[in-house]
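Take a look at the letters that make up each chain.
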Amino acid sequence: GECFRALCCKGPPPPRPEYDLVCIGLSGSGKTSLLSQLCSESPENIVSTTGFSIKAVPFQNAILNVKELGGADNIRKYWSRYYQGSQGVIFVLDSASSEDDLETARNELHSALQHPQLCTLPFLILANHQDKPAARSVQEIKKYFELEPLARGKRWILKPCSLDDMEAVKDSFSLLINLLEERDFEPSRM
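Residues numbered from 1 in each chain as written. Predicted model: local features only at pLDDT ≥ 70, side-chain atom pairs only at ≥ 80, totals over all residues. Heavy atoms only, no water.

Visitor: Please explain the pairing of strand β3 (residues 63-69) as it appears in this structure.
Guide: For a regular strand, side-chain orientation follows a simple rule: the groups alternate between the two sheet faces. Of all the seven residues making up β3, seven are buried; the element is thus mostly covered by neighbouring parts of the structure. Taking every second residue as pointing to the same face, both faces of β3 are buried, with I63, N65, K67 and L69 on one and L64, V66 and E68 on the other. Bridge count between strand β1 (residues 18-24) and β3: six bridges; the pairing is parallel. In the strand pairing of β3, V22 is matched with K67. Summarising the sheet, strand β2 (residues 52-58) and β3 pair through seven bridges and their orientation is antiparallel. Paired with I54 across the bridge in β3 is K67. The hairpin turn running from β2 into β3, its antiparallel successor, is four residues long. (Buried < 20%, exposed > 50% of the residue type's maximum accessible area, 1.4 Å probe, protein only. Helix = DSSP H or I, 4+ residues; strand = E, 2+ residues; numbered from the N terminus. Pairing = 2+ DSSP bridges.)

This is the structure in structure tokens:
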């Protein structure tokens, strides 16, 4: 009965798996605010990320070590230096931004989806600022970003989000964690 006893006796909970993610998106898309809220940090002292910052975001079944990269024009060209070792990608876009910014965001997302270090990873794409009157719907964004043809065969999740519905944001992250766990169980493709 050794095995059986080992199962019954509740020891300390197993350590939660940790995943290293990279979070990208243009300046002002709301990356820092979302991540701070997920870490339950107070929103007052948020400053725009100029280089990059790393946050450990705790979830019930995993800890996400999120490397958030600043989204300013002069920083974006260095994004790919930080991709190494990522296991998943969070791309935040401002659903209410100007056409120009949306086009830039689309180009950046396309580059990321096709980048050799990211192209096989799960992507969580958050259409942020859904609470703003000018926000485009997820359907509009999916079409505008041409996600269907581009991301075929890739694992990606596109979800609406806003800071006033953090439960929905957490649900979106749970879906991403599911994809990360699935990847863990796959034999690695060499």
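Visitor: Could you clarify how one ought to interpret the UniProt feature "binding site: Mg(2+)" (unreviewed entry) in the protein in this entry?
Guide: With numbering matched to this structure, UniProt assigns "binding site: Mg(2+)" (unreviewed entry) to T32 and T49. By the element assignment, T32 lies in helix α2 (residues 31-38). (UniProt positions renumbered as here; feature names shortened; annotations may be inferred.)

Visitor: Honestly, the packing of aromatic side chains in this entry has me stumped. Any pointers?
Guide: Any two aromatic rings considered together are summarised by their centre-to-centre distance and by the angle between their planes. Throughout the structure, instances matching the rule amount to three aromatic pairs. On the basis of an interplanar angle of 70 degrees and a centroid distance of 5.8 Å, the ring pair of Y144 and F145 is categorised as edge-to-face. A residue is classified by how much of its surface remains accessible, and Y144, at 22% relative accessible area, is partly exposed. Taking the relative accessible area as the measure of exposure, F145 reaches 0% and is therefore buried. Cation over ring: R106 sits above Y144, and NZ or CZ is 4.5 Å from the ring centre. (Phe/Tyr/Trp six-rings, centres within 6.5 Å; stacked < 30°, edge-to-face > 60°. Lys NZ or Arg CZ within 6 Å of the ring centre and 35° of its normal.)

Visitor: Would you take a moment to explain the pattern of salt bridges for this structure?
Guide: Opposite charge on two side chains makes pairing possible when the charged atoms of those side chains draw close. If you walk through the whole model with that rule in mind, you get five salt bridges. Note that R76 and E108 form a salt bridge whose closest N and O atoms lie 2.7 Å from each other. One end of the pair, R76, is in helix α3 (residues 73-76); the other, E108, is in helix α4 (residues 99-114), and 32 residues separate them in sequence. For the pair formed by R76 and E108, the shared burial category is buried. Here R136 and E99 are joined by a salt bridge, their closest N and O atoms 3.3 Å apart. Of this pair, R136 sits in the loop between β5 (123-128) and α5 (138-144) while E99 sits in helix α4, placing them 37 residues apart in sequence. We classify R136 as buried; its relative accessible area is 15%. (Salt bridge = Lys/Arg side-chain N within 4 Å of Asp/Glu carboxyl O.)

Visitor: Before we go on, may I ask you to explain the sheet that holds β2 in this structure?
Guide: Strand-to-strand pairing in sheets goes through backbone hydrogen bonds, with the strands running parallel or antiparallel. Across the sheet, six strands lie side by side as β2-β3-β1-β4-β5-β6; this open sheet has mixed pairing. The sheet terminates laterally at β2 and β6 (156-160), the two strands that pair on one side only. The sheet shows a mean angle of 20 degrees between the axes of neighbouring strands, taken without regard to direction. Along the sheet, α4 contacts β1, β4 (88-94) and β5; its crossing angle with β4, the most-contacted strand, is approximately 170 degrees. (Axes fitted to C-alpha atoms, helices over the stretch in contact; angles between N-to-C directions. Contact = heavy atoms within 4.5 Å.)

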